[in-house]
Structure formats: C-alpha cells, structure tokens
Amino acid sequence: MSPLRTLATVHWPPGEPPPPLPGFSASTFNPLVAAVAERCLATGYGEPGEPRRTGLLLASAGGDRATALAIDTGAAGHRMPPLLFFQSNPNAVLGHVAARWGLTGPVVAISPPEAAAPGEVPPDALELAALLLADGDADQVLVIAAEQAEPACGTDRATAVLVTAG
C-alpha cells in the first residue's frame, strides 16, 4: 500500500458550534460533518468549482446518536418527521458535500471498532483511503472522523484530512 500525502487538515471544534445545515434537523452530527468537510476542502482547494475526482470517507464509531434517539422516540407512537429517515443514513451528508463541491469519487461511511483519540483519524480510515486511491477511482480522498458527544457532556469532535497518494 502506498503512503499518503496530506494536502489539508482541519480540526473541529474551532470554538463554536457548527452552523445549521438546511435539510438536517434534531442533531449536530450532520452539520458537524459538513462544517469540517467544508473547511478542509476550502483549505485544500479554495472554492468549489470544476468537478474533482475526490472520494469522501466518513469514520464514526458512535455515529449520529441524536438522530437515532429521535427515531427511537418517534417510533414510540409519535409522528416521525420524514427528514429523520433521510438524515439517519450517514451517506446523506456526504452526498450534500459531494454535490456542493462537485466531488465525483467514491462515497463511503465506516464504523471503526473504536473511536480514534480526539483529534485523530482512525488508522482503519486511512488504510481504506489508501485503497480507494490505489483503486484509481479518486485522485484525492477527504477522510472525516466525527464523534458526537453524549448529551449534556463534552463537545462534538471532528477532524478532516484531505489526502492523496504519496
């Protein structure tokens, strides 16, 4: 497997909550993923423009806990907001990022066995990014590690790394 070269790295939280993301509700997870992706892509590419062969890879051991809780609560006899079903798929926010930036590479979401240390991307995710690059379907891969904090304690954390073959 060839080594990876880092083109940009961004860590969240930069001191503020992620901005709201239209079409996503009841949770900070998807806005967090979109915000860290946006900042990393802006650092690496500047502005959205011509289509790029960039893959997206989301790694999260815990996933979107708030949406899962809202769905569990709603399934107990309440009417479910339709957006909850849409946003419960982790690829939904990746599709939003891909459409906004014109990214045409593969889109993958994984759940590594354990969350990475705060501020780090899990080794499994970097190994998969290297495989996606070796496969030839992408020239770069944006790897996002995001973990949502437990309610009322801690802060949501995310790191995004834009990599290419080294």
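One can find the structure itself at the top, above this paragraph.
The sections below set out a description of the structure shown in this document. Since this is a predicted model, take the numbers as computed values, not measurements. (Residues numbered from 1 in each chain as written. Predicted model: local features only at pLDDT ≥ 70, side-chain atom pairs only at ≥ 80, totals over all residues. Heavy atoms only, no water.)

When you line up the elements, Gln148 lands in the loop between β4 (140-147) and β5 (157-165). Judged by its relative accessible area of 6%, Gln148 falls in the buried class. A distance of 3.0 Å separates a polar atom in the side chain of Gln148 from a polar atom in the side chain of Ser27. (Helix = DSSP H or I, 4+ residues; strand = E, 2+ residues; numbered from the N terminus. Buried < 20%, exposed > 50% of the residue type's maximum accessible area, 1.4 Å probe, protein only. Polar contact = N/O pair within 3.5 Å; in protein donor to acceptor, adjacent residues only side chain to side chain.)

Enumeration over the complete set of coordinates arrives at 2 salt bridges. A salt bridge links Arg100 to Glu38; the shortest N-O distance between them is 2.6 Å. Note that Arg100 is positioned in helix α4 (residues 91-101) and Glu38 in helix α1 (residues 29-45), a separation of 62 residues in sequence. What makes Arg100 partly exposed here is its relative accessible area of 41%. Judged by relative accessible area, Glu38 falls into the partly exposed class, the value being 25%. The salt bridge involving Arg53 is made with Asp139; its shortest N-O contact spans 3.1 Å. (Salt bridge = Lys/Arg side-chain N within 4 Å of Asp/Glu carboxyl O.)

Here the distance between the centres and the angle between the planes together describe a pair of aromatic rings. Summed over the entire model, instances satisfying the criterion amount to 0 aromatic pairs. Taking the ring centre of Tyr45 as reference, the NZ or CZ of Arg52 above it sits at 4.1 Å. (Phe/Tyr/Trp six-rings, centres within 6.5 Å; stacked < 30°, edge-to-face > 60°. Lys NZ or Arg CZ within 6 Å of the ring centre and 35° of its normal.)

Once that is clear, we can look at the layout of surface pockets. Rolling a probe over the atoms, with the probe sized like a water molecule, indicates the empty space that remains. Taken as a whole, the second largest pocket spans an internal volume of roughly 150 Å³. Forming the walls of the second largest pocket are Pro19, Pro20, Leu21, Pro31, Ala34, Ala35, Glu38, His96, Val97, Arg100 and Trp101. For the lining of the second largest pocket, the secondary-structure elements that each account for two or more residues are α1 and α4. A breakdown of the residues in the lining of the second largest pocket according to their chemical character gives 8 nonpolar, 1 polar and 2 charged. (1 Å grid on protein atoms, 1.4 Å probe; cavity = no way out; pocket = protein on both sides within 12 Å on 5 of 7 lines; lining within 4 Å. Points joined across faces, edges and corners; volume = space filled by probe spheres on them. Nonpolar A, V, L, I, M, F, W, Y, C, P; charged D, E, K, R; others polar.)

Attention now goes to the nonpolar core. Membership of the largest hydrophobic core comes to 30 residues, with the highest contact counts inside it found for Val33, Leu41, Val97, Leu103, Leu142, Ile144 and Ala146. Taken together, the elements giving at least two residues each to this core come down to β1 (4-12), α1, β2 (54-59), α4, β4 and β5. Looking at this core element by element, the count peaks at 10 residues for α1. Dropping the residues within four chain positions of it, Val97 is found in contact with Ala34, Ala37, Leu41, Leu56 and Leu103. In this structure, Leu57, Val143, Val161 and Val163 belong to the second largest nonpolar core, which totals 13 residues. (Core = buried A, V, L, I, M, F, W, Y, C linked by side-chain atoms within 4.5 Å. Contact = heavy atoms within 4.5 Å.)

Let's shift gears to the sheet that holds strand β3 (residues 107-110). Pairing within the open sheet is mixed, and its 5 strands lie in the order β1-β5-β4-β2-β3. At either margin of the open sheet sits one strand with a lone partner, and together these are β1 and β3. Here the average twist between neighbouring strands, direction ignored, is 15°. As paired strands, β4 and β5 are joined by 8 bridges and run antiparallel to one another. (Pairing = 2+ DSSP bridges. Axes fitted to C-alpha atoms, helices over the stretch in contact; angles between N-to-C directions.)

This part is about the packing of α1 against α4. α4 packs onto α1 with a crossing angle of 30° between their chain directions and a minimal axis gap of 10 Å. Judged on the interaxial angle alone, α4 and α1 are roughly parallel. The element α1 and its partner α4 pack so that their crossing is right-handed. Residue-level inspection shows Asn30, Val33, Ala34, Ala37, Glu38, Leu41, Ala42 and Tyr45 of α1 in contact with α4, the latter providing Val93, Leu94, His96, Val97, Arg100 and Trp101. Here the residues of the contact of α1 with α4 are counted per class, giving 10 nonpolar, 2 polar and 2 charged. (Parallel < 35°, antiparallel > 145°, perpendicular 65-115°, else oblique. Left-handed = near helix turned anticlockwise from the far one by under 90°.)

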